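# Notes for the structure review
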Amino acid sequence: MALPKKISIVGCGWLGSDLASRLQQQGHVVKGSATSDVSLQKLIAAGIPAFHLILNPAITGECERFFEGSEAVIIAIPPMAAQGIDLYSKRIASIIAEC
């Protein structure tokens with residue numbers, strides 16, 4: 001089974017940015033999201049369209065444009081970044097609802 005070609009990665013910090021670069025190198029069309037300006041600038045420098053999304057715990061930001069046309073969504077936010085499993089679960093549910 002072939003991998004999807006249009007992939008949106010939620011969370012392109014230390015975990016998702018390497019994945020985004022590798023998928024792009026393999027020929028996939030990748031979009032990445034981040035919360036910090038530093039991470040957004042790294043995505044842009046790598047040629048990956050960058051979108052500012054916030055999970056607090058509901059997802060806000062450039063959601064519609066970020067998810068538009070995606071064949072796959074990868075959530076690359078580690079549980080420890082969410083400061084507790086309950087908040088992490090709420091953030092994941094928010095992402096799923098938006099997709």
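Above this text you will find the structure in question.
An account of the accompanying structure is given in this report. (Residues numbered from 1 in each chain as written. Predicted model: local features only at pLDDT ≥ 70, side-chain atom pairs only at ≥ 80, totals over all residues. Heavy atoms only, no water.)

### Details of helix H1 (residues 16–25)
Note the following rule: Under the scheme applied here, a residue whose accessible area is under 20% of the maximum for its type counts as buried, over 50% as exposed, and between as partly exposed, the area being computed with a 1.4 Å probe on protein chains only. Helical segments are the DSSP runs of H or I of at least four residues, strand segments are the runs of E of at least two, and each set is numbered from the N terminus. An arc is given here, and it is the one of the directions from the helix axis to the C-beta atoms. Only heavy atoms enter the contact rule, under which two residues are in contact if any of them lie within 4.5 Å.
The set of residues buried in H1 consists of Gly16, Ala20 and Leu23. In an axial view of H1, the angular spread of the buried residues amounts to 70°, which keeps them on one side of the axis. Pointing more than 90 degrees away from the buried face of H1 are the exposed residues Asp18, Arg22 and Gln25. Residues of H1 that are buried in the fold lie against strand S1 (6–10), strand S2 (29–34) and strand S5 (72–75). Looking one or two places after H1, you find glycine 27, whose phi comes out positive at around 100°.

### Notes on the environment of serine 8
Position of serine 8 relative to the elements: it lies in strand S1. Note: C-alpha distance between serine 8 and alanine 46 (38 residues apart in sequence) is 15 Å. When near neighbours in sequence (up to four residues on either side) are disregarded, serine 8 contacts Lys31, Phe66, Phe67, Ser70, Ala72, Val73 and Ile74.

### Digging into the side chain of serine 39
Here serine 39 lies in helix H2 (residues 37–45). The exposure class assigned to serine 39 is buried, which follows from its relative accessible area of 16%.

### Considerations on the sheet that holds S5
Our working definition: Pairing between two strands requires that DSSP report at least two bridges joining them. Only the contacting stretch of a helix is used when fitting its axis, a line to C-alpha atoms as for every element, and angles between N-to-C directions run 0 to 180 degrees.
In space, the five strands of this open sheet follow the order S4-S3-S2-S1-S5, with mixed pairing throughout. For this open sheet the edge positions go to strand S4 (59–61) and S5, each flanked by a neighbour on one side alone. Across this sheet, the average inter-strand angle for adjacent strands is 30°, counted without regard to direction. Both S1 and S2 contribute to a ladder of four bridges, which runs parallel. Looking at the pairing, isoleucine 7 lines up with valine 30 of S2. Against the sheet, H1 contacts S1, S2 and S5, and its axis sits at roughly 170° relative to S1. In the packing of H2 onto the sheet, contacts are made with S2 and strand S3 (50–55), and the angle to S3 comes to roughly 155°.

### Considerations on the packing of aromatic side chains
To keep things clear, this is the line we draw: Here is the rule: rings of Phe, Tyr and Trp (six-membered ring for Trp) pair when centre to centre is within 6.5 Å. Planes less than 30 degrees apart are stacked, more than 60 are edge-to-face, and the remainder are tilted.
Considering all chains together, one arrives at two aromatic pairs under this definition. Measuring from ring centre to ring centre gives 5.0 Å for phenylalanine 66 and phenylalanine 67, while their planes differ by 70°; the resulting arrangement is edge-to-face. Each member of the pair, phenylalanine 66 as well as phenylalanine 67, is classed as buried. The rings of Phe51, Phe66 and Phe67 are connected pair by pair, giving a single aromatic cluster.

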